[in-house]
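Summary of structural features
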Amino acid sequence: MRGFELVSDKHRKYPDCKINIPQRGTLRSAGYDICTPVDILIPARGQSGVIFTDIKAYMGPDEVLTTHVRSSIGMKRGFVLANVTGIIDSDYYSNPDNDGNIGFMLRNLTDEDVIIKAGERVIQGIFIKYLVSDDDQPKSEERLGGVGSTGKNRLKSFKVTSINAIISLYAYERNKSLKTKGGPGLKFGPSKKATVFI
């Protein structure tokens with residue numbers, strides 16, 4: 001079970017634009033063509049901002065959607081994705097930050113400014129299954145946000161009244177994070193407020 005949907009109205013970046021649901025070009029095409037909803041001006045040797053498509057993808061828990069520039073954009077016009085290959089995890093779908101809105105950023109490798117028109121097919125998404133290692137231990141069980149949210153350290157702030165309380169709090173959080181890489185840390189702020197990095 002996999003496919004594409006529009007993001008919720010609340011998370012639409014371009015509510016007045018027509019959004020095309022991605023489709024494959026031919027029966028044997030691997031990639032689903034994804035269009036830009038707006039015109040994009042990319043300066044010579046520069047890059048665009050993040051262009052959100054107002055589309056999200058759902059898929060199985062052991063699947064991922066990879067995104068790539070279409071050959072007509074890359075080879076013929078000199079563009080690459082700023083992150084080379086996009087990775088859309090299954091739990092990016094309907095996340096609380098942006099509802100899974102798929103975005104991309106293009107880099108112009110040519111010496112000329114280029115405009116890509118709204119509705120033009122720019123990138124393609126390919127659904128694939130992935131494998132995990134035998135000793136796989138994810139840092140967390142669920143995604144807490146949108147783009148770039150996986151693997152982030154959580155922050156907890158507590159107001160403490162004594163150094164003993166700080167030491168106890170640090171020891172408690174350290175014990176909880178022994179199985180994670182990096183371990184905890186403390187940052188002291190004004191008003192005796194300590195932020196615990198775990």
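Residues numbered from 1 in each chain as written. Predicted model: local features only at pLDDT ≥ 70, side-chain atom pairs only at ≥ 80, totals over all residues. Heavy atoms only, no water.

Quick notes on the confidence of the model for the chain
Fine structural detail should not be taken from predicted coordinates in areas where pLDDT scores are low. Put simply, the test is: Scored between 0 and 100, pLDDT is the confidence that the predictor attaches to each residue. In this analysis, two residues are considered to be in contact whenever any of their non-hydrogen atoms come within 4.5 Å of each other.
Per-residue confidence for the chain gives a mean pLDDT of 83; residues scoring 70 or more make up 72%. Here residues 153–161 is modelled with pLDDT under 50, and outside its nearest four sequence neighbours on either side it reaches 30 contacts, counting other chains as well. Under a pLDDT of 50 for its full length, residues 192–198 has, in the predicted model, 40 contacts with residues more than four places off or in other chains.

Let's talk about the pattern of salt bridges
What counts here: What makes a salt bridge here is a side-chain nitrogen of Lys or Arg within 4 Å of a carboxyl oxygen of Asp or Glu, nothing more. In this text, helices come from DSSP runs of H or I with a minimum length of four residues, and strands from runs of E with a minimum of two, each type numbered from the N-terminal end. Here's how the labels work: a residue is buried when its accessible area is under 20% of the maximum for its type, exposed when over 50%, partly exposed in between, all with a 1.4 Å probe on protein chains only.
Under the definition given, this model contains 11 salt bridges. Ionic pairing is found between E63 and R2, a salt bridge with its closest N-O pair at 2.5 Å. Within this pair, whereas E63 is found in strand β7 (residues 63–69), its partner R2 is found in the segment before β1 (3–6), the two being separated by 61 residues in sequence. Among the residues examined, R2 registers a relative accessible area of 42% and is labelled partly exposed. One salt-bridge network, held together by shared partners, links R2, D62, E63 and K129.

Some remarks on the nonpolar core
One broad rule of soluble globular proteins: the nonpolar side chains tend to lie buried together. Filter applied, for reference: Residues belong to one nonpolar core when they are buried, are Ala, Val, Leu, Ile, Met, Phe, Trp, Tyr or Cys, and are joined through side-chain atoms within 4.5 Å.
In terms of nonpolar packing, the biggest core is built from 14 residues, with F104, L106 and I116 touching the most fellow members. Elements with a minimum of two residues in this core: β4 (40–42), β8 (79–81), β12 (114–116) and β13 (121–129). In contact with F104, not counting residues within four places along its chain, are T36, I40, G49, V50, I51, T53, L81, V122 and I123. Counting residues in each nonpolar core, the second largest holds 11 residues, with F52, A57, M59 and I88 among its members.

With respect to the pairing of strand β3 (residues 32–35)
Worth spelling out the cut-off: Strand pairing is assigned whenever DSSP detects at least two bridges linking the two strands.
Strand direction decides the pairing type here: strand β2 (residues 23–24) and β3, joined by 2 bridges, are antiparallel. Paired with R24 across the two strands is Y32, which belongs to β3.

With respect to the packing of aromatic side chains
Put simply, the test is: Aromatic pairing here means that ring centres of Phe, Tyr or Trp (its six-membered ring) are within 6.5 Å. Orientation follows from the plane angle: under 30 degrees is stacked, over 60 is edge-to-face, and everything else is tilted.
A full pass over the atoms with the stated rule returns 4 aromatic pairs. Here the aromatic rings of Y32 and F127 are separated by 5.9 Å at their centres, their planes lie at 75°, and the arrangement is edge-to-face. On the criterion of sequence distance, the pair formed by Y32 in strand β3 and F127 in strand β13 is long-range, its members being 95 residues apart. Assessed through its relative accessible area of 26%, Y32 is described here as partly exposed.

Here we look at the sheet that holds β2
Pairing within the open sheet is antiparallel, and its 5 strands lie in the order β2-β3-β13-β7-β9. Strands with a single pairing partner mark the edges of an open sheet, and in this sheet they are β2 and β9 (86–89). Sheet topology places β3 next to β13; 4 bridges connect them, and they run antiparallel. Opposite I34, over in β13, you have I123 as the bridge partner.

Observations regarding the side chain of R70
Let me state the cut-off plainly: Under this definition, polar contacts are N or O atom pairs within 3.5 Å; protein pairs additionally need one hydrogen-donor-capable and one acceptor-capable atom, and for neighbouring residues in sequence, both atoms have to be side-chain atoms.
Along the chain, R70 falls in the loop between β7 and α1 (71–74). Judged by relative accessible area, R70 falls into the buried class, the value being 17%. A polar side-chain atom of R70 sits 3.0 Å from a polar atom in the side chain of S72. Sequence-distant contacts of R70, defined by excluding residues within four places in its chain, comprise D33, R121, V122, I123 and Q124.

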